[in-house]
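Coordinates in review
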Amino acid sequence: MSGNADPWGYDVPDPNSGGGVALPPGKPPTLWIAAAAACASLALVGGLAAVFVLDRSLVLAAICWLLAGPVAVLVLGQFVRLDERQRARAFYEGDWARPASIAVGVAALLGVVVSAYVIADWVATR
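Residues numbered from 1 in each chain as written. Predicted model: local features only at pLDDT ≥ 70, side-chain atom pairs only at ≥ 80, totals over all residues. Heavy atoms only, no water.

**Observations regarding the packing of helix H1 (residues 30-52) against helix H3 (residues 97-125)**
Contact pair H1 / H3: the axes reach a minimum separation of 8 Å and the direction vectors enclose 30°. As far as their axial angle goes, H3 and H1 are roughly parallel. Along this stretch, H1 crosses H3, giving a crossing that reads as left-handed. Listed contacts from H3 to Ile 33, Ala 36, Ala 37, Ala 40, Ala 43, Leu 44, Gly 47, Leu 48, Ala 50 and Val 51 of H1 are Ala 100, Ser 101, Val 104, Ala 107, Ala 108, Leu 110, Gly 111, Val 114, Ser 115, Tyr 117 and Val 118. Taken together, the residues that form the contact of H1 with H3 break down as 17 nonpolar, four polar and no charged. (Axes fitted to C-alpha atoms, helices over the stretch in contact; angles between N-to-C directions. Helix = DSSP H or I, 4+ residues; strand = E, 2+ residues; numbered from the N terminus. Parallel < 35°, antiparallel > 145°, perpendicular 65-115°, else oblique. Left-handed = near helix turned anticlockwise from the far one by under 90°. Contact = heavy atoms within 4.5 Å. Nonpolar A, V, L, I, M, F, W, Y, C, P; charged D, E, K, R; others polar.)

Written out as structure tokens, the structure is:
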């Protein structure tokens, strides 16, 4: 036994031994930011295609609005929640996470704006 005996049965490390438990560093949940970026990018490209290529396709614009709006924002929110939990650790290896989340948020906003323009144009011309 490397530590002191604890009355509750746990092995308490000896403070004079110099050894300790190495905590793994916190890392951002890359799968969530990748999913949010994919949703936002796909919606932005689809919205631009609805405007310029497909003669203001209402169905594509509505799908892109849903993808860039609720879906991308909820996935990005999940990323931020999990990332903040990782940032609370003693060490954190993900300085790129905050600028990436801002960039994905801007892409989602642009996707919503482009898609909303197509929907508003359709409503105004009918």
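So much for the structure itself; the text now carries on.
**Describing the packing of helix H2 (residues 58-87) against H3**
It is at 8 Å that the axes of H2 and H3 come closest, and there the two elements cross at 160°. Between H2 and H3, the angle falls in the class roughly antiparallel. Along this stretch, H2 crosses H3, giving a crossing that reads as left-handed. Here the contact of H2 with H3 is composed, by residue class, of 17 nonpolar, five polar and four charged.

**Structural notes on the nonpolar core**
In terms of nonpolar packing, the biggest core is built from 14 residues, with Ile 33, Ala 36, Ala 40, Ala 72, Leu 76, Phe 79 and Val 104 touching the most fellow members. When residues of this core are traced back to their parent elements, those giving at least two are H1, H2 and H3. No other element matches the five residues that H3 contributes to this core. The residues contacting Ala 36, other than those within four sequence positions of it, are Ala 72, Val 75, Leu 76 and Val 104. (Core = buried A, V, L, I, M, F, W, Y, C linked by side-chain atoms within 4.5 Å. Buried < 20%, exposed > 50% of the residue type's maximum accessible area, 1.4 Å probe, protein only.)

**Focus on the pattern of salt bridges**
Applying the stated criterion to the full structure yields two salt bridges. The residue Asp 83 makes a salt bridge to Arg 87 at a minimum N-O spacing of 3.0 Å. Here Arg 87 and Asp 83 lie together in helix H2, a separation of four residues that amounts to about one turn. The salt bridge partner of Arg 98 is Glu 84, with a shortest N-O separation of 2.8 Å. (Salt bridge = Lys/Arg side-chain N within 4 Å of Asp/Glu carboxyl O.)

**Side note on the environment of Phe 79**
Mapped onto the fold, Phe 79 is located in helix H2. Sequence separation of Phe 79 and Ser 101 is 22 residues, and the distance between their C-alpha atoms is 8.3 Å.

**A word on a nonpolar patch on the surface**
Taken together, the side chains of Leu 48, Phe 52, Val 53 and Leu 54 make up a nonpolar region of the molecular surface, amounting to roughly 430 Å² of accessible area. Checked against the element boundaries, Val 53 lands in the loop between H1 and H2. With a relative accessible area of 64%, Val 53 lands in the exposed category. (Patch = residues over 30% accessible without salt bridge, like charges linked within 9 Å, V, L, I, M, F, W, Y side chains within 5 Å. Areas by Shrake-Rupley, 256 points an atom, 1.4 Å probe, with all protein chains shown as cover.)

**Focus on the side chain of Ser 101**
By the element assignment, Ser 101 lies in helix H3. Judged by relative accessible area, Ser 101 falls into the buried class, the value being 14%. From its side chain, Ser 101 meets the backbone oxygen of Arg 98 in a polar contact 2.8 Å long. (Polar contact = N/O pair within 3.5 Å; in protein donor to acceptor, adjacent residues only side chain to side chain.)

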